[in-house]
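# Remarks on the overall topology
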Amino acid sequence: MDANNASVGPPKLVYILGLGHSGSTLLEMLLSSHPRLLGLGEVASLLTRGMRERHLSGPWPSPCSCGVLARDCPVWKPTLDQLQPDGPESSLDVLVADLVGRATQVTGKDILIDSSKTWHALDAWRARAARWGWLPTDIAVLHLVRDVRGFVNSEMRRGKTMGQLAARRSSRLWRSVNQADVQHLSGSGLRVMRVGYEELAFAPHIILPSILRFLALPSADGDLSLAASRGHIGAGNPMRHTEGKRERLIYDYRWLLDKSCTAPWWYSRRLRELNASLVYNTLGSSLEGPLFAPPRAPETVVGPRGAEGRSRSE
């Protein structure tokens, strides 16, 4: 976990940067259990034409984490009513400003979280913030990185190709995107903290308080938790509205049982070193330390210190 520019006051926006399927919705929901932090989800998905058509008028309209459809949510509805599928996008600044004001008014929370993850959406926020007179430190970036082995396994399970070609392709994507993110962030002047997804999942009692310190926020009454999350995440991972997943932290251990995820023909020494530096620089573990227990049975994996894992059949 790396951080810089942390010795300032709380930001106005927390932006989660990283690859897809790396735990951004989980992180956002955890942070949204803080009384000042409000997750809005992948804002860019609901405010760009192609994505909003899918979320609003597709066969499966996007639910908000508050429990209703995004198009019926008290935070999102007035904005989305003005963003019809064939509507113009020239007034996005006005609509975003309206969304920001309404979100704080409806919820009483004053720091918003956007988990859009892309540089394009982050640059849009930076340009918007400059026009609004925000300071550079009013945007805080959480660079979220998932273990490359878990990412490769996830990509292979979701894709149509398997084997060496798929593993190499996914690992190259992970390396190129994260190296580019690190390079861009280092010279951006942004307020940045790097968060390893595995460290967040295995030791939230360590990582979440560190994030709050980075954001110059006091600790919440009680631990931050999924069960206490109070956000309006209108677009993101389905876990935000899936019973069972939205109440407790469950780490997907299936890649630990897949030997191809640590095969030397793609998991090279350089990749191992990069993986360790980006994901495990707080706990100092590469999933081989005392935090982990071996599987009890072929179909079940137990988590660190008794935490729950997922069975292979899920």
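Look a little higher up for the structure.
Treat the numbers as computed from the prediction; the structure is a model and nothing was measured.

Quick look at the pattern of salt bridges now. Under the defined criterion, the tally for this structure stands at eight salt bridges. Salt-bridge contacts for Arg-149 lead to Asp-147; the nearest nitrogen and oxygen are separated by 2.8 Å. Comparing Arg-149 with Asp-147 shows no difference in burial state: the two are buried. As a salt-bridge pair, Asp-252 and Arg-254 come within 2.7 Å of each other at their nearest N and O atoms. Taken individually, Asp-252 and Arg-254 each receive the classification buried, so the pair is uniform in this respect.

This brings us to the packing of aromatic side chains. Considering all chains together, one arrives at seven aromatic pairs under this definition. Arranged with centres 6.4 Å apart and planes meeting at 15°, the rings of Trp-125 and Trp-134 form a pair that is stacked. Of the two residues examined, Trp-125 and Trp-134, each falls in the buried class. Ring centres of Tyr-197 and Tyr-251 lie 5.8 Å apart, and the angle between their planes is 35°; this geometry places the pair in the tilted category. Pair noted here: Tyr-197 is in helix H9 (residues 197-202) and Tyr-251 is in the loop between helix H10 (204-214) and helix H11 (269-279), with a separation of 54 residues, a long-range link. For Tyr-197, a relative accessible area of 9% corresponds to the buried category. Grouping aromatic residues by their ring pairs yields a cluster made of Tyr-197, Phe-202, Tyr-251 and Tyr-253. Over the aromatic face of Phe-214 sits the side chain of Arg-191, whose NZ or CZ is 5.8 Å from the ring centroid.

Now for the sheet that holds strand E5 (residues 191-196). Remark on secondary structure: sheet strands pair via backbone hydrogen bonds, oriented parallel or antiparallel. Spatially, the five strands line up as an open sheet ordered E2-E3-E1-E4-E5, and their pairing is parallel. The sheet terminates laterally at strand E2 (37-39) and E5, the two strands that pair on one side only. When the angles between neighbouring strand axes are averaged without regard to direction, this sheet yields 25°. The sheet contact formed by strand E4 (residues 139-145) and E5 spans six bridges and is parallel. Each residue of the ladder has a partner; that of His-143, found in E5, is Arg-194. Across the sheet, helix H1 (residues 24-31) is in contact with strand E1 (13-17), E2, strand E3 (111-117) and E4; its angle to E3 comes to roughly 175°.

The phi dihedral of His-21 falls on the positive side, at around 60°, and the residue is not glycine. Here His-21 lies in the loop between E1 and H1. On the basis of relative accessibility, which here comes to 41%, the residue His-21 falls in the partly exposed class. Phi is positive for Lys-117, close to 75°, though the residue is something other than glycine.

Time to look at helix H7 (residues 148-158). Of all eleven residues in H7, eight are buried, a share of seventy percent or more. Put simply, Asp-147 is the residue that caps the front of H7, since its side-chain oxygen is 2.8 Å from the backbone nitrogen of Arg-149.

Criteria and thresholds
- Residues numbered from 1 in each chain as written.
- Predicted model: local features only at pLDDT ≥ 70, side-chain atom pairs only at ≥ 80, totals over all residues.
- Heavy atoms only, no water.
- Salt bridge = Lys/Arg side-chain N within 4 Å of Asp/Glu carboxyl O.
- Buried < 20%, exposed > 50% of the residue type's maximum accessible area, 1.4 Å probe, protein only.
- Phe/Tyr/Trp six-rings, centres within 6.5 Å; stacked < 30°, edge-to-face > 60°.
- Helix = DSSP H or I, 4+ residues; strand = E, 2+ residues; numbered from the N terminus.
- Lys NZ or Arg CZ within 6 Å of the ring centre and 35° of its normal.
- Pairing = 2+ DSSP bridges.
- Axes fitted to C-alpha atoms, helices over the stretch in contact; angles between N-to-C directions.
- Contact = heavy atoms within 4.5 Å.
- Polar contact = N/O pair within 3.5 Å; in protein donor to acceptor, adjacent residues only side chain to side chain.

Note that every value here comes from positions in space, so none of it alone points to a role or purpose.
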